[in-house]
Amino acid sequence: MSSEPRPDTTRLQRMARAYTETAVLWAALDLGVFTAVAEGAIDEDAVATSCRISQLDAGRLVVCCLTLDLLRSEGGKLVNPPDVARYLVKGEQSYAGPWMTFTRRDVPDWFLISELMTDGPEPTLLGMYGDLTVERARNYHNATYSIGMGAGRRFVRTVDLARRKRMLDLGGGSGAYSINVVKTYPDMTAVVFDLPPVVEVTREFLADNGVADRVDTIGGDFTSDPLPRDCDVVVMASNLPIYDADVIAGVIARAHDALLPGGEMHLIGEMLDDDRRGPADAAMWGMNELLCAGLGRAHTVAECIGYFVQAGFGEVEVTAFVPGTLQRVAGRKAVGAD
Ligand SMILES: C[S@@+](CC[C@H](N)C(=O)[O-])C[C@H]1O[C@@H](n2cnc3c(N)ncnc32)[C@H](O)[C@@H]1O
């Protein structure tokens, strides 16, 4: 007799309608439900008034949010759970609404995966990044900034750069990591290396944060253009699934070559467990490359360690950067290396 319980369709049905959860999250964000609750809307009637929707619709939406733990009822009053209070209430420093809705325009393509696989455009090395405009880069990085600043703060909390001088931020986007590094370490400078249309936008974020005099930018393609050779730290964050194994291994090898002797590199990204059973998010970012007409895919932790070792890094180690979501692989270039 099998010890597995008799299967039913519950799990599969839930998955078949998982898009409804996304839709409810976005509707509540669009209507400002979480902000209304933070400002004192304690019941459905108050949500209806604040969000200018009917009581019937407020009732439908609130009950969906309660079942998804996007809202809670405590002592008969609606409250936001801690993560919602921190990231989904407008006006909070950590508000991440732009990031949470960032992939919205991709929704139709996600439901056309099979067509894209059988009949889609020929993928290219840079995929969607190959024809980025400044305007698209600005929209894109308004979203990444809303989540990247939190990641940048986490980076400076968890990595000690006290003896470092200059950081290369590969594919640095908004510059969120560099901004946090130079603000934390007054003697450090940084350079954001990203595609030419992106660095125009990076400079806007650097100026807004008052660090334009300590963070430079270089517009280029990190898969082929020369990397600056005056840095003792490299960070490469959240661009891992954009490329395949050969390209990522090549970039890490070139970063090792460009680093000053004794320098360190940190690769932060969604990585698959070595048995490839999770996390699903890492696999999904790999699939996202189909939509971007790129050649990238998800990488396992062991593969990422391999890229570092192959490049010549020593003291290679893996740390959970955001447990269950992002890993950080770090390595050090030998002191005596060229
Ligand atoms: C998801 S964003 C991450 C931005 C930033 N590292 C962060 O964590 O907030 C990925 C970035 O990688 C950059 N990128 C992708 N391919 C690149 C390439 N070949 N050369 C330079 N930058 C690249 C993109 O332009 C984009 O800014």
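Side note on the packing of helix 4 (residues 44–51) against helix 5 (residues 55–67)
At their nearest, the axes of helix 4 and helix 5 sit 8 Å apart, and the two run at 115° to each other. One element, helix 4, and the other, helix 5, form an angle in the roughly perpendicular class. Relative to helix 5, helix 4 is oriented so that their crossing is right-handed. Residue-level inspection shows Glu44, Asp45, Val47 and Ala48 of helix 4 in contact with helix 5, the latter providing Gln55, Ala58, Gly59 and Val62. Grouping the constituent residues of the contact of helix 4 with helix 5 by class yields four nonpolar, two polar and two charged.

Considerations on the sheet that holds strand 3 (residues 166–170)
Pairing is mixed across the open sheet formed by seven strands, whose spatial order is 5-4-3-6-7-9-8. In this open sheet, the two strands that pair with only one neighbour each are strand 5 (215–219) and strand 8 (314–322). Recorded for the sheet is a direction-independent mean angle of 20° between the axes of neighbouring strands. The pairing of strand 3 with strand 6 (residues 233–237) spans four bridges and is classified as parallel. In the strand pairing of strand 6, Leu170 is matched with Met236. Across the sheet, helix 12 (residues 196–208) touches strand 4 (189–194) and strand 5, and the angle it forms with strand 5 is around 165°.

Here's the deal with the site of the ligand
Taken together, 20 residues surround the ligand, and among them Asp194, Asp221, Phe222, Ala237 and Tyr243 come closest. Asp221 is positioned such that a nitrogen or oxygen atom in its side chain is 2.8 Å from a nitrogen atom of the ligand. A distance of 2.8 Å is found between a nitrogen atom of the ligand and a backbone nitrogen or oxygen belonging to Ala237. The residue makeup of the shell around the ligand, split by class, is ten nonpolar, eight polar and two charged.

Section: the domain arrangement of the chain
Per the domain assignment, the segments of the chain are domain 1 (10–91) and domain 2 (109–332). Distance from the C-alpha centre of domain 1 to the C-alpha centre of domain 2: 33 Å.

Side note on the environment of Met265
Following the sequence through the fold, Met265 ends up in strand 7 (residues 264–269). As for Met265 and Glu204, which are separated by 61 residues in sequence, their C-alpha atoms are 26 Å apart. Those residues in contact with Met265 that sit more than four places away from it in its chain are Val234, Met236, Ile252, Ala255, Leu259, Phe308, Phe313, Val329, Ala330 and Gly331.

Observations regarding helix 2 (residues 19–31)
If you check helix 2, its first and last C-alpha atoms are 18 Å apart, about what 13 residues at 1.5 Å a residue would give, namely 18 Å. Of all the residues in helix 2, the buried ones are Val24, Leu25, Trp26, Ala28 and Leu29. Taken together, the buried residues of helix 2 touch helix 3 (33–38), helix 5, helix 7 (97–100) and helix 8 (107–110). Once helix 2 finishes, Gly32 follows within two positions and takes phi at roughly 80°, a positive value.

A short note on the packing of helix 13 (residues 245–258) against helix 15 (residues 301–311)
Close contact between helix 13 and helix 15 brings their axes to 9 Å; oriented N to C, the two are set at 40°. Here helix 15 runs oblique to helix 13, going by the angle between their axes. The interaxial crossing formed by helix 13 with helix 15 has right-handed handedness. Note on element contacts: helix 15 touches helix 13 through Tyr307, Phe308, Gln310 and Ala311, opposite Ala245, Ile248, Ala249, Ile252, Ala253 and His256. In terms of residue class, the contact of helix 13 with helix 15 is made up of eight nonpolar, two polar and no charged.

Some remarks on helix 13
Over its 14 residues, helix 13 runs 20 Å from end to end, which matches the ideal 20 Å to within 8%, given 1.5 Å per residue. Ala245, Val247, Ile248, Ala249, Val251, Ile252, Ala255, His256 and Ala258 are the residues of helix 13 that are buried. Where helix 13 is buried, its residues contact strand 3, strand 6, strand 7 and helix 15. For helix 13, the capping residue at the N-terminal end is Asp244, with a side-chain oxygen 3.2 Å from the backbone nitrogen of Asp246.

A closer look at unusual backbone geometry
Residue Pro279 is reached from Gly278 by a cis peptide bond, and omega for that bond is -10°. Within the fold, Pro279 resides in the loop between strand 7 and helix 14 (280–291). Despite not being glycine, Ala293 has its phi angle at roughly 55°, a positive value. Of note, Ala293 is situated in the loop between helix 14 and helix 15. A positive phi angle, close to 50°, is found at Glu315, a residue other than glycine. Here Glu315 lies in strand 8.

Rules and cut-offs
- Residues numbered from 1 in each chain as written.
- Predicted model: local features only at pLDDT ≥ 70, side-chain atom pairs only at ≥ 80, totals over all residues.
- Heavy atoms only, no water.
- Axes fitted to C-alpha atoms, helices over the stretch in contact; angles between N-to-C directions.
- Helix = DSSP H or I, 4+ residues; strand = E, 2+ residues; numbered from the N terminus.
- Parallel < 35°, antiparallel > 145°, perpendicular 65-115°, else oblique.
- Left-handed = near helix turned anticlockwise from the far one by under 90°.
- Contact = heavy atoms within 4.5 Å.
- Nonpolar A, V, L, I, M, F, W, Y, C, P; charged D, E, K, R; others polar.
- Pairing = 2+ DSSP bridges.
- Near = heavy atom within 4 Å.
- Polar contact = N/O pair within 3.5 Å; in protein donor to acceptor, adjacent residues only side chain to side chain.
- Domains from an automatic or database assignment.
- Expected span 1.5 Å × (residues − 1).
- Buried < 20%, exposed > 50% of the residue type's maximum accessible area, 1.4 Å probe, protein only.

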